[in-house]
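Examination of the molecular architecture
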Amino acid sequence: MFLPRFALAVLLAASAPAVAETTTEAPVAEASADHLGEVLQLDALFQVLREEGLAHGDTLAADMFPAGGGADWDAAVSRIYDVARLREAFGVALEQSLGQDPETIAGVTAFFGSELGQRILGLEIEARRAFLDTASEEAARVAADDAAAAKDPRVGQLRRMIEAADLLEMNVAGALSGNLAFMTGMASTGAYGAMPDDQILSDVWGQEDQIRADTSTWLYSYLGLADHPLTEAELDSYIAFWESPAGQRLNAALFAAFDTVFRDVSLELGKAAGIAMQGRDI
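In this text, all values refer to a predicted model and were calculated from it rather than measured experimentally. (Residues numbered from 1 in each chain as written. Predicted model: local features only at pLDDT ≥ 70, side-chain atom pairs only at ≥ 80, totals over all residues. Heavy atoms only, no water.)

Considerations on the overall build of the protein
Assigned secondary structure in the protein consists of 13 helices and zero strands. Listed by position from the N terminus, the elements making up the protein come as α-α-α-α-α-α-α-α-α-α-α-α-α. When contacts within the protein are restricted to residue pairs at least 6 apart in sequence, those whose partners lie at least 24 apart make up 84%. With an accessible surface of roughly 13400 Å², the protein has 54% of that area assigned to carbon and sulfur atoms. (Helix = DSSP H or I, 4+ residues; strand = E, 2+ residues; numbered from the N terminus. Contact = heavy atoms within 4.5 Å. Areas by Shrake-Rupley, 256 points an atom, 1.4 Å probe, with all protein chains shown as cover.)

Let's talk about the packing of helix α2 (residues 42-64) against helix α4 (residues 83-98)
For the pair α2 and α4, the least separation of the axes is 10 Å and the interaxial angle reads 115°. Our pair here, α2 against α4, has a crossing hand that is right-handed. Together, Leu-42, Asp-43, Phe-46, Leu-49 and Arg-50 of α2 and Val-83, Leu-86, Arg-87 and Phe-90 of α4 make up the contact between the two elements. Per-class residue counts for the contact of α2 with α4 are six nonpolar, no polar and three charged. (Axes fitted to C-alpha atoms, helices over the stretch in contact; angles between N-to-C directions. Left-handed = near helix turned anticlockwise from the far one by under 90°. Nonpolar A, V, L, I, M, F, W, Y, C, P; charged D, E, K, R; others polar.)

Brief notes about the pattern of salt bridges
This model, assessed by the stated rule, comprises 13 salt bridges. With a closest N to O distance of 2.9 Å, Glu-51 and Arg-129 form a salt bridge. Placement of Glu-51 in helix α2 and of Arg-129 in helix α6 (residues 115-130) is noted, with a sequence separation of 78 residues between them. The partly exposed category is assigned to Glu-51, whose relative accessible area is 26%. Through salt bridges with shared partners, one network takes in Arg-79, Arg-85 and Glu-268. (Salt bridge = Lys/Arg side-chain N within 4 Å of Asp/Glu carboxyl O. Buried < 20%, exposed > 50% of the residue type's maximum accessible area, 1.4 Å probe, protein only.)

Some words on unusual backbone geometry
In this structure, Lys-151 is a non-glycine residue whose phi angle is positive, near 55°. Although it is not a glycine, Asp-166 sits at a positive phi angle of roughly 50°. Locating Asp-166 in the fold gives a position in the loop between α8 (153-164) and α9 (167-188).

A word on the nonpolar core
Counting residues in each nonpolar core, the largest one holds 62 residues, and the members touching the most others are Trp-73, Phe-90, Phe-112 and Trp-242. It is helix α13 (residues 245-277) that contributes the most residues to this core, 13 residues altogether. Core analysis: the next-biggest nonpolar cluster, separate from the first, contains eight residues, Val-172, Ala-175, Leu-176 and Met-183 among them. (Core = buried A, V, L, I, M, F, W, Y, C linked by side-chain atoms within 4.5 Å.)

Some details on the environment of Ala-144
Its location among the elements puts Ala-144 in helix α7 (residues 134-149). The exposure class assigned to Ala-144 is buried, which follows from its relative accessible area of 16%. Considered as a pair, Ala-144 and Tyr-222 are 78 residues apart in the sequence and their alpha carbons are 8.6 Å apart. Discounting residues that sit within four places of it in the chain, Ala-144 has contacts with Tyr-220 and Ser-221.

Quick look at the confidence of the model for the protein
Low pLDDT marks regions whose predicted coordinates should not be analysed in detail. For the protein, per-residue confidence averages 85 on the pLDDT scale, and residues scoring 70 or more make up 86% of the total. No element of the protein has a lower mean pLDDT than helix α1 (residues 25-39), which averages 52, and none a higher one than α7, which averages 98. (pLDDT = per-residue confidence, 0-100.)

Some thoughts on the side chain of Asp-101
Position of Asp-101 relative to the elements: it lies in the loop between α4 and α5 (102-112). A relative accessible area of 15% places Asp-101 in the buried class. A polar side-chain atom of Asp-101 sits 2.7 Å from a polar atom in the side chain of Thr-104. (Polar contact = N/O pair within 3.5 Å; in protein donor to acceptor, adjacent residues only side chain to side chain.)

Here is the structure:
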């Protein structure tokens with residue numbers, strides 16, 4: 001299950017329906033949904049998300065607050081990236097998309113519950129965690145550049161995966177949405193003065209080309225590191241899952257949930273940053 005750059009790919013168990021159905025399909029779907037959290041290794045995934053968020057908070061503090069963010073900023077970032085809160089909100093968003101789609105839930109569980117699926121999840125979590133270290137991320141970028149220069153056939157496989165899941169455009173859209181929410185949050189505190197909404201929107205869209213270039217580089221670096229231990233046949237199987245109806249449906253639901261949940265995260269961060277910049281209590 002690919003972990004997008006600007007969020008964390010997870011699928012939460014859909015809650016049981018309030019009224020029991022009389023068909024035979026409902027208990028099967030319900031059981032599959034209950035098992036998804038374990039299958040998708042949610043505890044480890046959400047912990048990575050929190051670590052990324054705290055690191056992002058440190059970066060924002062260094063860039064925006066010359067004197068440092070201080071204890072109030074650290075506490076605000078920790079609250080915003082609370083694992084239980086994000087997990088619950090993400091679960092609600094995904095339940096709305098997939099709660100009534102037992103066929104997709106079954107397909108996702110079948111793939112990620114397999115030995116290969118579990119191994120892929122572990123590799124992707126570890127690669128994401130490795131990217132918390134700047135030196136490790138840079139090493140992965142160099143390896144990706146070398147692979148492209150050497151015309152390594154695996155680069156073509158990674159390109160197929162990126163295209164199958166529309167990873168580049170989805171991540172760019174998510175980044176732009178998050179940046180707009182962050183700047184909107186800051187503006188709501190008066191940090192920008194009387195900046196009109198259309199100027200904020202223009203500033204965000206002005207970042208699109210750079211975000212697309214950075215995201216493309218990141219995707220090949222991250223996927224190259226995460227999927228390096230897989231054989232070509234195993235990687236083909238993974239790509240085939242994303243090309244399947246279940247993979248396509250899951251992918252759409254994941255990115256929709258990302259946009260819902262992490263747009264709110266960015267808005268809250270923007271508000272906290274705007275307040276801190278003005279020396280007010282967060």
